[in-house]
Amino acid sequence: MEEPAKVMRIGSMIKRLLDEVRDAPLDDAARTRLAEIHERSLTELEDGLSPDLVEELHRITLPFTDDGAPSDAELRVAQAQLVGWLEGLFHGIQTALVAQQMAAQAQLSQMRRALPPGAGAAPFGPGGHGESAAHGQRPGPQDGRPSPGQYL
């Protein structure tokens, strides 16, 4: 996907549009307008998708007939099809991201196992809590707080 933000915006707009017109009766002017929005949305989506996704989108969408405004049913089916395709695309992206994250975690875990013993020790000194012998602070005998250490 070349422009994910654009595809997400168009997808949200189409879903909202479908929700708005789902139960409303549409006159000829509204059906014509909705068909224009649908066609323009497809064109805009093509700009934000990779060539293989554009090809897939062309295979699944059918153009409206040119004999006047499409029927309510034609428009709603076309819009629902497009929304469904976009939701599938978004789920595919989410799945790919989760798979990448899991692969990265597995690789990190494998790298940690490959380290020699002791190489993965905490960088803050013996306790790993930020105390450092270099700063001259050691835990105090009473309450575990750092003591000032010895001065030369």
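A quick note: this is a predicted structure, and the numbers were derived from the prediction, not measured.

Cut-offs applied
Residues numbered from 1 in each chain as written. Predicted model: local features only at pLDDT ≥ 70, side-chain atom pairs only at ≥ 80, totals over all residues. Heavy atoms only, no water. Axes fitted to C-alpha atoms, helices over the stretch in contact; angles between N-to-C directions. Helix = DSSP H or I, 4+ residues; strand = E, 2+ residues; numbered from the N terminus. Parallel < 35°, antiparallel > 145°, perpendicular 65-115°, else oblique. Left-handed = near helix turned anticlockwise from the far one by under 90°. Contact = heavy atoms within 4.5 Å. Nonpolar A, V, L, I, M, F, W, Y, C, P; charged D, E, K, R; others polar. Buried < 20%, exposed > 50% of the residue type's maximum accessible area, 1.4 Å probe, protein only. pLDDT = per-residue confidence, 0-100. Polar contact = N/O pair within 3.5 Å; in protein donor to acceptor, adjacent residues only side chain to side chain. Arc of directions from axis to C-beta.

For the pair helix α1 (residues 4–21) and helix α4 (residues 72–114), interaxial distance at closest approach is 10 Å and the crossing angle is 140°. Judged on the interaxial angle alone, α4 and α1 are oblique. By crossing handedness, the relation of α1 to α4 is classed as left-handed. Along its contact with α1, which presents Val7, Met8, Gly11, Ile14, Lys15, Leu17, Leu18 and Val21, the element α4 presents Arg76, Gln79, Ala80, Leu82, Val83, Leu86, Glu87, Leu89 and Phe90. Its residues assigned to classes, the contact of α1 with α4 shows 12 nonpolar, two polar and three charged.

To continue, consider the environment of proline 51. On the secondary structure map, proline 51 appears in helix α3 (residues 51–60). With relative accessibility at 59%, the residue proline 51 sits in the exposed group.

Before going further, it helps to spend a moment on the confidence of the model for the protein chain. On average, residues of the protein chain carry a pLDDT of 79, and 77% of them reach 70 or more. α3 holds the highest mean pLDDT among the elements of the protein chain, 90, whereas strand β1 (residues 138–139) holds the lowest, 52. For residues 130–136, every residue scores under 50 in pLDDT, and the model assigns this stretch 10 contacts once sequence neighbours within four places are set aside.

This part takes up the side chain of serine 50. Topologically, serine 50 is positioned in the loop between α2 (28–48) and α3. On the basis of relative accessible area, serine 50 is assigned to the buried category, the value being 12%. Here the side chain of serine 50 touches aspartate 52 through a polar contact of 2.4 Å, side chain to side chain.

Our focus in this paragraph is α3. Listed in full, the buried residues belonging to α3 are Leu53, Val54 and Leu57. Here the buried residues of α3 occupy an arc of 105° about the axis, which is enough to place them on one side. For α3, the exposed residues lying more than 90 degrees away from the buried face are Pro51, Asp52, Glu55 and Arg59. Buried residues along α3 sit in contact with α2 and α4.

The subject of this paragraph is the packing of α1 against α2. In helix packing, the relevant descriptors are the interaxial angle and the interaxial distance, both defined with respect to the helix axes. Packing of α1 against α2 leaves a shortest axis separation of 9 Å and a crossing angle of 160°. One finds that α1 runs roughly antiparallel with respect to α2. Helix-helix and strand crossings are classified by hand; for α1 and α2 the assignment is left-handed. Of the residues in α2, those in contact with Lys6, Val7, Ile10, Met13, Ile14, Leu17 and Val21 of α1 are Leu34, Ile37, Ser41, Glu44, Leu45, Asp47 and Gly48. Among the residues making up the contact of α1 with α2, the classes are represented as nine nonpolar, two polar and three charged.

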